Amino acid sequence: MISDLVTSTITGRPAVGPIVPILREGRVVGALAARLEPAALVELLRAQSLPEGGFAVLKDSQYRVVARSLNHEAAVGQPVPPAFQEAIAGRPRGLTKGRSLEGSPTYGAFERLKVAPDWTISIVVPWAAYTRSWTGPLGTLAVGAVPLLLLSATLALWLGRRLLHPVDVLRSHARAVVQSRGADFGVPLATDSVPAEPSGVAEFEALREDIAAAEAALRASEARWRALFERMHEGFALCEIIRDGNGRAVDWRYLELNAAWERLTGIPVERALGRRVTEVIPGIKESWIRIFAQVVETGQPAHVEHQASKMERWFEAFAYRTEPGRFALLFLDITERKEAEERQALLSREVDHRAKNALAVVQAALRLTKAEDIPSFVRAIEGRVAALARAQTLLAEDRWNGADLRALLRGELKPFLGAADEGGPRAKLGGPKLALPPRTTQPLAMAVHELATNAVKHGALSVPEGHVAVHWRLQRDPAGTEVLHLRWVEAGGPPVATVPERCGFGTRVLDGTVRRQLSGTVRLDWHETGLVCELVVPLHRSHDPAATSQTAYAAN
């Protein structure tokens, strides 16, 4: 638009100028404006090839003279005669007959300006000059009055367009400022602005140059921020709070999203832009809406860590109010960190439980171990504590996720396996690769230790000719739980005459660890050739964390 003629508060003189609003998303965010004195337009009017005795007049929407090639100083600001106002009402262009401000009869042509339809440019000739052209011969009429009128109309149209040319340029620049987007640093941005030829008005030219420089700076700044926006690792969203009829926040709408938002959420940007979060992420918790509504209402930033259950992800979010009703959301996916923290907490609880369990085992071993003398007592305690330590080491090596059964057996029978580790002269191991659950490892290690200790003291490993074979297999019970079947067979040792009458400490440990702690079964067969022990232990079964190896040592 072009402002009507006003009195400048700075100079006190008449002034006019173009005003071009800058729109973003349908909202006016600024305006480009200029002020220049009408005298600057007079030279432009006088420079035109006007008919003999004719003059050009530029009028604003109030029908006041803005610039006049004849007697400008006396005419500026003066309203044109009412007859002229009535003659052009509702007409975009045409011919008029009337009187000038000086009272002389005139005839002229007018044209309304394109960007300011209420403004007009007129080319006026004295009535006398006009009548001279048609009172002569018809031939003179053909080459006089009609060409004169046509020339007047053409001049009015051309002059109007020339006056509007710099305004069109300003409008083009304004659109460029709004529409400019940057993808990379230092990359020139394409806009719909077109190169402008000089308008012939110095003030317009200076304004155009200033706007072009401001536009370039603004576009460069926009490009830098847009590049950062698209490249940043954090997800970013510009959102608008949506309220119901009672003013309660019930939703938010996504206005802008970056590439990281799509990468972190797994939702395509085009599926979310302009839509409500309840449509994009159905079932989102209302607590998110309350938190961000409070940010918008109070202006206080928010920092939250929250689990998006529908997405099965954890997010750390920072929210800031940007303008009334809107907020910016910056967030990161912290699922891996949360899982690591949970694993750390679980490991801490497990270590705490195992440490207490180990102390309970040592305490029970000290209290219940019987021996004929101090050296025997020391050896027995050291063996049991060493078995406990080996089990702890195996668990620690696998981050307390479990322990390999073959490694556990090798630790107890290592002196008898030979250099080849498998198929040695005194002990043999056979079975599939099997990872024991953490809660099964320690009790089973103590049970195997008691079997090995008994074999060394009284069974097959107490004589050079004796040997032990350990085999295992896996089965599933009707409920689908994996069940370990382990068979310990001794041969070549001292002949077994009868089944032992007294239940020793090792037997009580076997029964307590396997049956009470692991909910399994123990079967001991005393053959003449040696002991055969069969252990059946369910794996991956939930156990009471309060149960410890002390139960095994305290059993009968």
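Because the structure is predicted, anything quoted here is derived from the model rather than measured. (Residues numbered from 1 in each chain as written. Predicted model: local features only at pLDDT ≥ 70, side-chain atom pairs only at ≥ 80, totals over all residues. Heavy atoms only, no water.)

*Asks:* How would you explain the overall build of the protein if you had to name every residue and give the values?
*Replies:* Helix and strand content of the protein: 17 helices and 21 strands. The burial tally for the protein puts 43% of its 556 residues in the buried class. In the protein, 56% of the contacts between residues at least 6 apart in sequence involve partners at least 24 apart. For the protein, the exposed area adds up to about 29300 Å²; of that, 55% sits on carbon and sulfur atoms. (Helix = DSSP H or I, 4+ residues; strand = E, 2+ residues; numbered from the N terminus. Buried < 20%, exposed > 50% of the residue type's maximum accessible area, 1.4 Å probe, protein only. Contact = heavy atoms within 4.5 Å. Areas by Shrake-Rupley, 256 points an atom, 1.4 Å probe, with all protein chains shown as cover.)

*Asks:* Residue-level account of the confidence of the model for the protein, with values.
*Replies:* Mean pLDDT over the protein: 76, with 69% of residues reaching 70 or higher. Here helix H17 (residues 549-554) is the element of the protein with the lowest mean pLDDT, 42, and strand E19 (residues 482-491) is the one with the highest, 94. Low confidence marks residues 137-143, where pLDDT is under 50. Its contacts with residues over four positions away, or in another chain, come to 7 contacts. Here residues 419-423 scores under 50 on pLDDT; set against residues more than four positions off or in separate chains, the count is 5 contacts. (pLDDT = per-residue confidence, 0-100.)

*Asks:* Tell me about the packing of helix H14 (residues 405-417) against helix H15 (residues 438-457), and name the residues and values.
*Replies:* The interhelical angle for the contact between H14 and H15, taken along N-to-C directions, is 20°, at an axis separation of 10 Å. The angle between H14 and H15 falls in the class roughly parallel. Here H14 and H15 pass one another in a crossing that is right-handed. For the pair H14 and H15, the contacting residues are Leu405, Leu408, Leu409, Glu412, Leu413 and Phe416 in the first and Thr441, Leu444, Ala445, Val448, His449, Ala452 and Val456 in the second. The residue makeup of the contact of H14 with H15, split by class, is 10 nonpolar, 2 polar and 1 charged. (Axes fitted to C-alpha atoms, helices over the stretch in contact; angles between N-to-C directions. Parallel < 35°, antiparallel > 145°, perpendicular 65-115°, else oblique. Left-handed = near helix turned anticlockwise from the far one by under 90°. Nonpolar A, V, L, I, M, F, W, Y, C, P; charged D, E, K, R; others polar.)

*Asks:* Describe the packing of aromatic side chains, and please don't skip the residues or the numbers.
*Replies:* Tallying each qualifying case throughout the model produces 8 aromatic pairs. On the numbers, 6.3 Å between centres and 85° between planes, the contact of Trp252 with Tyr254 is edge-to-face. Grouping residues by exposure puts Trp252 and Tyr254 together as buried. These aromatic residues form a ring-pair network of at least three members: Trp252, Tyr254, Trp261, Trp288, Phe292 and Phe327. (Phe/Tyr/Trp six-rings, centres within 6.5 Å; stacked < 30°, edge-to-face > 60°.)

*Asks:* Before we move on, could you go through the pairing of strand E13 (residues 313-323) and cite the residues and values that matter?
*Replies:* A regular strand carries its side chains on alternate faces of the sheet. Sheet topology note: the strand E12 (residues 302-308)/E13 ladder contains 7 bridges and is antiparallel. Counted as the bridge partner of Glu305 is Glu316 from E13. Of the pairings in the sheet, the one linking E13 to strand E14 (residues 326-333) comprises 8 bridges and is antiparallel in character. Counted as the bridge partner of Arg321 is Phe327 from E14. Counting the residues between successive antiparallel strands, the hairpin from E13 to E14 contains 2 residues, one of them, Gly325, with a positive phi of roughly 85°. (Pairing = 2+ DSSP bridges.)

*Asks:* Explain the side chain of Asp525 to me, using residue names and the numbers behind them.
*Replies:* Relative to the elements of secondary structure, Asp525 occurs in strand E20 (residues 521-527). Polar contacts involving the side chain of Asp525 include one to the side chain of Arg523, which spans 3.2 Å. (Polar contact = N/O pair within 3.5 Å; in protein donor to acceptor, adjacent residues only side chain to side chain.)

*Asks:* So what about the side chain of Asp251? Which residues, and what values?
*Replies:* Counting through the fold element by element, Asp251 comes out in strand E11 (residues 249-257). There is a polar contact of 3.3 Å between the side chain of Asp251 and the backbone nitrogen of Val277.

*Asks:* Any details on helix H11 (residues 286-298)? Residues and values, ideally.
*Replies:* For H11, spanning 13 residues, the distance from its first C-alpha to its last is 18 Å, which sits close to the expected 18 Å at 1.5 Å a residue. Within the sequence span of H11, burial applies to Ser287, Trp288, Ile289, Phe292, Ala293, Val295 and Val296. Buried-residue contacts for H11 involve strand E10 (235-243), E11, E12, E13 and E14. After H11 finishes, the residue Gly299 shows a positive phi value of roughly 80°. (Expected span 1.5 Å × (residues − 1).)

*Asks:* Please set out the sheet that holds E11 residue by residue, giving values where relevant.
*Replies:* Strand order across the open sheet formed by 5 strands is E11-E10-E14-E13-E12, with antiparallel pairing between neighbours. Only two strands of the sheet have a single partner each, and these edge strands are E11 and E12. The average angle at which neighbouring strand axes cross in this sheet is 35°, direction not considered. Pairing of E10 with E14 involves 6 bridges; the strand directions are antiparallel. Paired with Glu240 across the bridge in E14 is Arg326. This element, H11, spans E10, E11, E12, E13 and E14 of the sheet and lies at about 25° to E13.

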